[in-house]
Amino acid sequence: MSQQILILSQSHLEGTTDHVCQWLGHLGIPYLRMNGEDLFDMQHLGDLPGNDEIAVVWYRRKISSFPVKYSLKQADFQTQYTLKRFLADEFNGLHSLLFYTIDRQKWLNDPITEDNLNKLHVLALARKCGISTPFTEVVTTRAAIAQLLENYHEIIVKPVSECIFLEDTAGGQYKMLTKTIHQNNLQLVPEKFFPSLVQEKITKKFEIRTFYLDGECHSMAIFSQNNRKTKDDFRNYDNQRPNRTVPYKLPAALEFKLGQLMKLLCFRTGSIDLMVDMQGNYHFLEINPEGQFGMVSYPCNYYLERKVAQLLSKSISHEKEIYQ
Amino acid sequence: MEYFNLYANCQLVKGARMSLLCDLQMRRFYHIPNDTADVLLFLQQHSIEECMAHYGEDNREAITGYISFLLSKELGFKDNRLVPELTPLDLSWDRYSDITNVIIEFNEDISYTGDFFRELFDLHVQGLEIRCYHKTDLDRIRELLEVFNGTTLKFIKLVLPYEATLALPALDKLVKKYPRVRSLLIHSSPADKLEKIFDGSVPVVFFSSNINSCLACGEIRADYFMSNMELFTESQHFNTCLNRKLSIDGNGYIKNCPSLPESFGHVTKTSVREVLDNKAFQRYGKIRKDEITVCKDCEFRHVCTDCRAYVEDPQDMYSRPLKCGYDPYTNSWENWAENPLKQSAIAWYGLEEIIK
Ligand code: SF4
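What counts, and where the lines are drawn
- Residues numbered from 1 in each chain as written.
- Chains lettered and ligands numbered in written order.
- Predicted model: local features only at pLDDT ≥ 70, side-chain atom pairs only at ≥ 80, totals over all residues.
- Heavy atoms only, no water.
- Pairing = 2+ DSSP bridges.
- Helix = DSSP H or I, 4+ residues; strand = E, 2+ residues; numbered from the N terminus.
- Axes fitted to C-alpha atoms, helices over the stretch in contact; angles between N-to-C directions.
- Contact = heavy atoms within 4.5 Å.
- Buried area = accessible area lost by both parts, 1.4 Å probe.
- Salt bridge = Lys/Arg side-chain N within 4 Å of Asp/Glu carboxyl O.
- Polar contact = N/O pair within 3.5 Å; in protein donor to acceptor, adjacent residues only side chain to side chain.
- Nonpolar A, V, L, I, M, F, W, Y, C, P; charged D, E, K, R; others polar.
- Buried < 20%, exposed > 50% of the residue type's maximum accessible area, 1.4 Å probe, protein only.

Caption draft 1: Fine view of the sheet that holds strand S13 (residues 269-277) of chain A. Residues and elements named next belong to chain A. Spatially, five strands are ordered S12-S11-S10-S13-S14 in an open sheet, and the strand pairing comes out antiparallel. Strands at the two margins of the open sheet, each flanked by one partner only, are strand S12 (244-248) and strand S14 (282-288). Taken over all neighbouring pairs, the strand axes of this sheet differ in orientation by 25 degrees on average, direction set aside. Note: strand S11 (residues 216-223) against S12, five bridges, orientation antiparallel. Note on S12: the bridge partner recorded for Met220 is Pro247.

Pasting the structure below:
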């Protein structure tokens, strides 16, 4: 039996997967796409893709949303939330079985590292690879911040994990953003607080989003400095005046170090965020192994979706050579 | 030293006397004299000071003006060097479909569910235009739209004749049922106007002229120009009207475009493969604007679409679109239909009726 490409994704709201699949179709390369939603129709464990039939796995997404809504008979806010968490854990327990049944080296990105990526650890690894990162600390007191402000003009606070969205009972939505602390608002910081990640604030000339794919860096510069609204975080999209996004080539030495970092993490693909300061120095911020690369591919005319399709197809033709 | 860095997605296209600065990201373009374009090209190699020295004191004010114009439109930025890491835009073009766009001249007597159509839409066609020249039963159009549910088709444009009963609420209902319908053109309307339906997301253009045959097609107008990555890159390598396009005329014949005479088979007898493998079918796809007479000297060539069905000299495949009134050598627009030099081609295509 010939071995296949396996794509793990979700059934909708995943244009990138659709796009790569369409390239695979156009190039005449067979593949198997399993959406998390498909697990709701499985009859038995044997329905899951097995190690022998799979040559390479591209793990893109888990699931968009459960196809069926479940609730408790007498639900209140608290129990409903607990149930939601429980079902998510149940789903993950089943989904991540694949991480163990399909050989780890077949995955473009090591799935267990990908699912448990730790920002602080990645920053430490980056420094180990000789990549400069903004000064980063975790603190619990205002005094500690005051001390940092003696060395750094401004400090930013961001989550160790990911930013969240909050919703209140009235349906109002709140998005967590990166916040800046300086001498003038320091008094608003509580004396003692939950362990929080703080980072030196770098005045940026522009940002860089790099899509790393199997040894190659495809980078894009994002100019937002004319635009006060997006100065802290370009993800606060401003539709009226979008940021300028243009192709960029990182210095070879930095590309090499980023490649080493990706190897340490066992990732063959991922989005890397960097920042360039006013003096032209590069600062590494973070890696999103499952980052959207359409937002780099289209503005720079890079055809990254086609490149991903070609990489996947290379993996099956390579397998064939071994078995012949 | 100060330098002006032009963003890579702002592309300069030089014409005979004027140039076009195409902002492909913001989808705008700026019509500028060639002298200004030359200054801009000089600035891509030299500092602002060197540029001033090169063009002389007399031009200092003008050059300062150009640069502040570019800065105010956010087409670039000043820096202490020409940032070499800002690499040029790769202008290559590729798509995952052998056919990206299809036009169907709708005919109630043709079945649109046969093998040919299945094979065609399996190619991941992205855009479809359904043209009805004459009054058509809406139920038959619904049947056709039904075929595309579940395909990867992204965009349907409906061209319909005006009918008093076909009011906006009925159209609104239709596009809500078939969300792939993303724009409508209603011809033979009592008045020209633009409406929006489906919460403002779907434009409905009411057009007062008749569109009762494909003879009306191929018009080149400044308000049809588009400055975007897709068209600009495709235009560098392929024909912007016919590359990877396919049409089915009202009699079921397969063509490059409904307005072209050659057919490559019939939907009941021919397979899509046969059409794609036919060299003659691919004949127009590679004709670039850069090779077409007059267009190659026109600054609009990469924001303009082409027309190979009606050309100035019907015997010459590289002749420019007949229905263009622009003269890139004088930078003026005129009514093409009144140009004495075009009359013989107008007669050759039998367009007299259309332009009256
Ligand atoms: S001369 Fe050619 S490129 Fe210029 S506007 Fe006319 S058709 Fe378009």
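Caption draft 2: Main features of the interface of chain B and chain A. The interface is formed by 33 residues belonging to chain B together with 24 residues belonging to chain A. Here chain B packs against chain A, burying approximately 2400 Å² in sum over the two surfaces, 50% of which is carbon and sulfur. Taken together, the links from chain B to chain A amount to three salt bridges. Linking Asp23(B) and Arg244(A) is a salt bridge whose minimum nitrogen-to-oxygen distance equals 2.8 Å. For the pair chain B and chain A, the number of links is 19 residue pairs in polar contact (both at pLDDT 80 or more). Mapped onto the side of chain B that touches chain A, the elements with two or more residues apiece are strand S5 (76-79) and helix H7 (229-237) of chain B. Of the residues contributing to the side of chain B that touches chain A, the split by class is 14 nonpolar, eight polar and 11 charged.

Caption draft 3: Geometry of unusual backbone geometry. A positive phi angle, near 60 degrees, is found at Cys266(A), a position not held by glycine. Note on Cys266(A): relative accessible area 47%, which makes it partly exposed. Its identity is not glycine, yet Phe198(B) carries a phi of approximately 50 degrees, on the positive side. Within the secondary structure, Phe198(B) is located in the loop between strand S10 (193-197) and strand S11 (202-206). Looking at Phe198(B), the relative accessible area reads 24%, which means it is partly exposed.

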